[in-house]
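# Analysis of the macromolecular model
What follows is each chain in one-letter form.
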Amino acid sequence: MPNVLVIEDDVDVRDAIGRLLTATGHEVRLCATALDGLREVAARPPDIVVLDLGLPDLDGAAVLSRIRATSHVPIVVATAREAESEMIRLLRAGADDYVVKPYSAEQIEARIAAMLRRGRGGAPAGLTVGGLTLDPMARTASLDGTPLQLSRLEFDLLAYLMERAGKVVTRRQLLTDVWPTESRSMETVDVHVTWLRRKLGERAAQPRYLHTVRGVGIRLSAPEQPLNG
Ligand code: CA
């Protein structure tokens, strides 16, 4: 039974999500404050966290960073703030998905189901491309022996590209196969590719692994020659 931790100070929203998730076969823990939520994450790691960003005791983005400092648990953030800059800031801070308030309990349930499905997927064997290695089960990746700190989406993106190493993958394919919902924009794909590229320590102008194929998509392949130094 998937274990969902809901951190939400609005009692009506919290109860509605709690009821629906319980009815749809989830084990649900409800917290009204950020500090309670952080304690719960540490005490018994959940399978997924639903995090309201407007909490009374701590800024939502700060909560997000604190959870991310110790855990790779998937996090759906719920925000009333619709500005794209805010959303990008949250995805950068380690959120995996988001809903904009007001949202329905059904909407959260659908996001959670999609995320858990993705979490169970993935190739069983480890992947290696050049100096890149990735373990889909442990959800770890490293480059030249150095562990990579990836968000959940960045990890899924890298896994997808490594499984198709040497082949061009279109942005549409990424959006459909890797992103949790169809609602994601192409710009979001570009943003995540850029972040992944940065974490691999390369730039679009001087790619080693991630090659942009103009007008088509992205290809991941091993560098042709090792980088000096
Ligand atoms: Ca709130």
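A brief report on the enclosed structure follows. Here the structure is a predicted model, which means the values were calculated and not measured.

The tally for this structure, following the rule as stated, stands at 11 salt bridges. A salt bridge links Glu40 to Arg29, with the shortest nitrogen-to-oxygen separation between them at 2.6 Å. Residue Glu40 is located in helix H2 (residues 34-43), and its partner Arg29 is located in strand S2 (residues 27-31); the two are separated by 11 residues in the primary sequence. Taken together, the shared-partner salt bridges connect Glu8, Asp52 and Lys101 into one network.

Turning our eyes to something else, we now look at the coordination of the calcium ion. Those donors, Asp9 (OD), Asp52 (OD) and Gly54 (O), are the protein atoms that reach the calcium ion, and they lie 2.2 to 2.4 Å from it. Of note, the donors binding the calcium ion are all from one chain and are spaced D-x42-D-x1-G. Of this pair, Asp9 sits in the loop between strand S1 (3-7) and helix H1 (11-23) while Asp52 sits in strand S3 (residues 48-52), placing them 43 residues apart in sequence. On the basis of relative accessible area, Asp52 is assigned to the buried category, the value being 4%.

What follows is about H1. Since the α-helix advances by 3.6 residues per turn, residues separated by three or four positions end up pointing in the same direction. Over its 13 residues, H1 extends 18 Å from the first C-alpha to the last, a length consistent with the 18 Å expected when each residue adds 1.5 Å. Residues Arg14, Ile17, Gly18, Leu20 and Leu21 constitute the buried set of H1. The N-capping residue of H1, defined by a side-chain oxygen 2.9 Å from the backbone nitrogen of Asp12, is Asp10. Gly25 sits one or two positions beyond H1 and adopts a positive phi of about 85 degrees.

The rules we used
- Residues numbered from 1 in each chain as written.
- Predicted model: local features only at pLDDT ≥ 70, side-chain atom pairs only at ≥ 80, totals over all residues.
- Heavy atoms only, no water.
- Salt bridge = Lys/Arg side-chain N within 4 Å of Asp/Glu carboxyl O.
- Helix = DSSP H or I, 4+ residues; strand = E, 2+ residues; numbered from the N terminus.
- Donors = N, O, S within 2.8 Å, 3.2 Å for Na, K, Ca; no water.
- Buried < 20%, exposed > 50% of the residue type's maximum accessible area, 1.4 Å probe, protein only.
- Expected span 1.5 Å × (residues − 1).
- Polar contact = N/O pair within 3.5 Å; in protein donor to acceptor, adjacent residues only side chain to side chain.

These figures come from the coordinates and say nothing about function on their own.
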